[in-house]
Amino acid sequence: MQSFDGQPTSAGSVSESASRRHERVVERLLRLQRITAALAGARTLTEIASTIIDQGMPALDAEVGVVAMLSPDGASLRNLGFKGVPVDTEEAWAEVPVDSPVPVAEAARTGAPIIVPTREERNARYPVLARVHGVEHGGAVAAFPLVLESRTVGSLGFCFPAARAFDDDDYAFILSIAQQCALAVERVRWHEVAEQEIAHRRASEEALRARERELTALVAELRQTQEALREADRRKDDFLAMLAHELRNPLAPLLNAVELIKAAGPPSPIVERARTIMDRQIGHMSRLVDDLLDISRISRGKITLSIERVDLVELARATALDYRSLLDARGVRFELALPPAPVWLQADPTRLAQAIGNLLQNANKFTDDGGSVRLSIAPHYHHHAAREVVSVEVADSGIGMEPAVLERIFEPFAQADQSLARSRGGLGLGLALVKGVVELHGGSVRAASAGLGRGAAITITLPLDAAAPRAADARRAADARRAAASASARRILIIEDNVDAADSLRMLLERRGHAVSVAHSGDDGVAAARMAPPDVILCDIGLPGAMNGYGVARLLRAESSMRKTLLVALTGYGQDDDRKLARAAGFDAHLTKPVAQAMLERLLAELAPLPESA
């Protein structure tokens, strides 16, 4: 038998070579199985590298093994495992640039296997290896890229102690472990990515839960704050109501005393001047109390309008009469510019009169003696709103306003007069009330001024009512009935624990021709009513003892003898809730102290039943 080079050979040597090759193939297959099993359980890149090197080096009779991974940017190689060299060499070559003149770098860079069979060729091709401690005395080298779907992710390499001819089995074995290494690296990387994603999601979920806990705590805190604010608002309302009650109680007898002085006949000039001062200051004090309570109610949306059909011209004329005396007393020229025909609105006449009155009061306050005030009404078509409207303007020749003041003049507590003396007075609530009332009616309000010392004009704009007005003769008939009723005397019972208020009101009503009796407690009032049922009962709410005004009303309303009696709550409590409580208890009307005599007379004329003698 001859060999491949033509030299004779024995059959025994061929058989022995084939046997060794077979054993090597079997061993490498077993190695590949171990590598596959080990890589299946590998969880890190370092474990993968150790498995490849530990199984590959003995199978190839190599003395050095290395597995390196490309950095994400492809600029460098990081050695995951580097065995068979001293520690200092391993540390020095822990990471190398991908363009380094070494086999593993070239394999990663080119994506092709590198096989150098001799030391001489190796040193010529890679001279740096001749100087690397632990490698310099070796021989052959082999390096294969780690390729996954045409993408190079790293490389592995082996150094051998001497020169070596690589056959097909060597090539196939190194290629197989390189492929397994690349697959394992990709699996671990995906696993790491998944774990990072899971960790990120867990962190995000925990952050979300922490945020939810913070928001829950914040919501709870906000609820507590809102509850505290509601409680503070309730306490403020209670305080304002009590303050108003305590202020109104002494105002009532003062106003009654002023009316008595007026009714007593022509007084001396000094008495008349004192009466005028008292009348003006009592009115001012009453408006301050009412404004303070009304602005609080408007801000909380607790004002309910009593809407009816109103002639704005008549309402403005009546309101102007109430304020003309204030202006005349200071020599202020007052001009009315009203349309000759009625101007009809759907409005609350009391609140609308209050708004116009506040404008006149404001003009009076900020106009010097000898100045002028003008109240005008002008219906017109509002193009922007596309509807018929009416403008009510109060213009004065007073101190005027700067632009900065105009921007906030309708805010509560805004003051045009910023001097230390506050010579013009007021709480800065009048115009805020005007704005609130007008907006409740679906209207608007604006202020204008040419500057300091050049007067000001405030204009209310309200929607007109397109429906037909009521007949004028029906109004005149109603007025005639009220006039006839007001001329008749009534039997009136006053139930009031404030002796001054009760006595002064009794004297006023008696001068009007009414028959008046007085009781100072709820029990005495009920007893007096039962003894001689009156036409009208004027009853305070805050009475001493076990029976307050509500108890009096409920008790008397249950008795048939007092079914027709006009029951009027006369009290210092004037909030909407107080009015509702009064109606629920059986009162026909609710008047807030101090009550002007003219208002009381109108109420008696309109609501009180006529005595049988009349």
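Caption draft 1: Broad picture of the overall build of the protein chain. Along the backbone of the protein chain there are 17 helices and 18 strands. When contacts within the protein chain are restricted to residue pairs at least 6 apart in sequence, long-range pairs at least 24 apart make up 67% of them. Put simply, the protein chain shows about 32200 Å² of open surface, and 56% of that area lies on carbon and sulfur atoms.

Caption draft 2: Inspection of unusual backbone geometry at higher detail. For D61, which is not glycine, the phi dihedral falls at a positive 60°. Relative to the assigned elements, D61 resides in the loop between α2 (45–60) and β1 (64–70). Its identity as a non-glycine residue notwithstanding, S150 has a phi of 65°, on the positive side. Tracing the backbone shows S150 in the loop between β5 (141–148) and β6 (151–159).

Caption draft 3: Structural view of the confidence of the model for the protein chain. Scored by pLDDT, the protein chain has a mean of 81; 82% of the residues are at 70 or more. No element of the protein chain has a lower mean pLDDT than helix α12 (residues 472–486), at 49, and none a higher one than strand β4 (residues 114–116), at 94. Low pLDDT, under 50, characterises residues 417–425; the predicted model gives this stretch 13 contacts beyond four residues in sequence or across chains. Low confidence marks residues 468–474, where pLDDT is under 50. Its contacts with residues over four positions away, or in another chain, come to six contacts.

Caption draft 4: Representation of the environment of Q346. Mapped onto the elements, Q346 comes out in strand β9 (residues 344–347). You can call Q346 partly exposed: its relative accessible area is 42%. Spatially, the C-alpha atom of Q346 lies 8.4 Å from that of P463, the residues being 117 residues apart in sequence. Ignoring any residue separated from it by four or fewer positions in sequence, one finds Q346 in contact with I307, E308, R309, H441 and D465.

Caption draft 5: Highlighting the packing of aromatic side chains. The final tally for this structure, using the stated rule, is two aromatic pairs. Note on F160 and F166: the rings are 5.2 Å apart at their centroids and 70° apart in plane angle, and the pair reads as edge-to-face.

Caption draft 6: Inspection of α2 at higher detail. Between its first and last C-alpha atoms α2 spans 22 Å; for 16 residues at 1.5 Å apiece the expected length is 22 Å, and the two agree. Taken together, the buried positions of α2 are L45, I48, A49, T51, I52, I53, Q55, G56, M57, A59 and L60. Positive backbone phi, at 60°, marks D61, one or two positions downstream of α2.

Caption draft 7: View of the pairing of strand β14 (residues 491–495). Most of β14 is tucked away, with four of its five residues classed as buried. As defined by bridge partners, β14 adjoins strand β15 (residues 515–519) across five bridges and the pair is classed as parallel. Bridge assignment links I492 to a residue of β15, and that residue is V516. Taken together, β14, helix α13 (residues 499–511) and β15 form a β-α-β motif whose crossover is right-handed. The sheet contact formed by β14 and strand β16 (residues 536–539) spans four bridges and is parallel. Each residue of the ladder has a partner; that of I494, found in β16, is L538.

Caption draft 8: Representation of the pairing of β16 in the model. Residues V536 and L538 line one face of β16 and the alternating positions I537 and C539 line the opposite face, and both faces are buried. In this view, the connection linking β16 to its parallel neighbour strand β17 (residues 566–571) by way of helix α15 (residues 549–557) has right-handed handedness.

Caption draft 9: Inspection of the sheet that holds β17 at higher detail. Pairing is parallel in the open sheet, where five strands are placed in the order β15-β14-β16-β17-β18. In this open sheet, the two strands that pair with only one neighbour each are β15 and β18 (589–592). Averaged over all neighbouring strand pairs, the angle between strand axes comes to 20°, with direction disregarded. Helix α14 (residues 522–531) rests against β14, β15 and β16 of the sheet, and its axis sits at about 165° to β14.

Caption draft 10: Spatial organisation of a nonpolar patch on the surface. A cluster of nonpolar side chains, namely L215, L218 and L222, defines an oily patch on the protein surface of about 250 Å² accessible area. Locating L222 in the fold gives a position in helix α6 (residues 168–263). Residue L222 is classed as partly exposed on the basis of its relative accessible area, which comes to 47%.

Caption draft 11: Here's a closer look at the sheet that holds β6. Pairing is antiparallel across the open sheet formed by six strands, whose spatial order is β3-β2-β1-β6-β5-β4. Edge positions in the sheet fall to β3 (95–97) and β4, since each has one partner strand and no second. Taken pair by pair, the neighbouring strands of this sheet meet at an average axis angle of 20°, ignoring direction. The sheet contact formed by β4 and β5 spans three bridges and is antiparallel. Each bridged residue has a counterpart across the sheet, and for I114 the counterpart in β5 is A143. Along the sheet face, α2 touches β1, β2 (76–83) and β6 and points at about 55° away from the line of β2. In this fold helix α4 (residues 103–110) packs onto β1, β2, β3, β4, β5 and β6, with an angle of close to 155° to the strand it touches most, β6.

Caption draft 12: Main features of the packing of α15 against helix α16 (residues 576–585). Running from N to C, α15 and α16 cross one another at 25°; their axes reach a closest spacing of 8 Å. It follows that α15 is roughly parallel to α16 by the angle criterion. Between α15, through Y550, A553, R554 and R557, and α16, the contact on the second element is made entirely by D578, L581, A582 and A585. Its residues assigned to classes, the contact of α15 with α16 shows five nonpolar, no polar and three charged.

Caption draft 13: Local environment of α16. Listed in full, the buried residues belonging to α16 are D576, D578, A582 and A585. Two residues or fewer after α16 comes G586, characterised by a positive phi angle close to 120°.

Caption draft 14: Expanded view of the pattern of salt bridges. In the structure shown here, the tally under the stated rule is 19 salt bridges. Note that K83 is salt-bridged to D54, the shortest N-O span being 2.6 Å. Of this pair, K83 sits in strand β2 while D54 is found in helix α2, placing the two residues 29 residues apart along the sequence. Taking the relative accessible area as the measure of exposure, K83 reaches 30% and is therefore partly exposed. For the salt bridge of E510 with R506, the shortest nitrogen-to-oxygen distance reads 3.1 Å. Here the residue E510 and the residue R506 both occupy positions in helix α13, the gap between them amounting to four residues, near one helical turn. For E510, a relative accessible area of 35% translates into the label partly exposed.

Cut-off values and rules
Residues numbered from 1 in each chain as written. Predicted model: local features only at pLDDT ≥ 70, side-chain atom pairs only at ≥ 80, totals over all residues. Heavy atoms only, no water. Helix = DSSP H or I, 4+ residues; strand = E, 2+ residues; numbered from the N terminus. Contact = heavy atoms within 4.5 Å. Areas by Shrake-Rupley, 256 points an atom, 1.4 Å probe, with all protein chains shown as cover. pLDDT = per-residue confidence, 0-100. Buried < 20%, exposed > 50% of the residue type's maximum accessible area, 1.4 Å probe, protein only. Phe/Tyr/Trp six-rings, centres within 6.5 Å; stacked < 30°, edge-to-face > 60°. Expected span 1.5 Å × (residues − 1). Pairing = 2+ DSSP bridges. Right-handed = clockwise from strand over helix to strand, strands pointing away. Axes fitted to C-alpha atoms, helices over the stretch in contact; angles between N-to-C directions. Patch = residues over 30% accessible without salt bridge, like charges linked within 9 Å, V, L, I, M, F, W, Y side chains within 5 Å. Salt bridge = Lys/Arg side-chain N within 4 Å of Asp/Glu carboxyl O. Parallel < 35°, antiparallel > 145°, perpendicular 65-115°, else oblique. Nonpolar A, V, L, I, M, F, W, Y, C, P; charged D, E, K, R; others polar.

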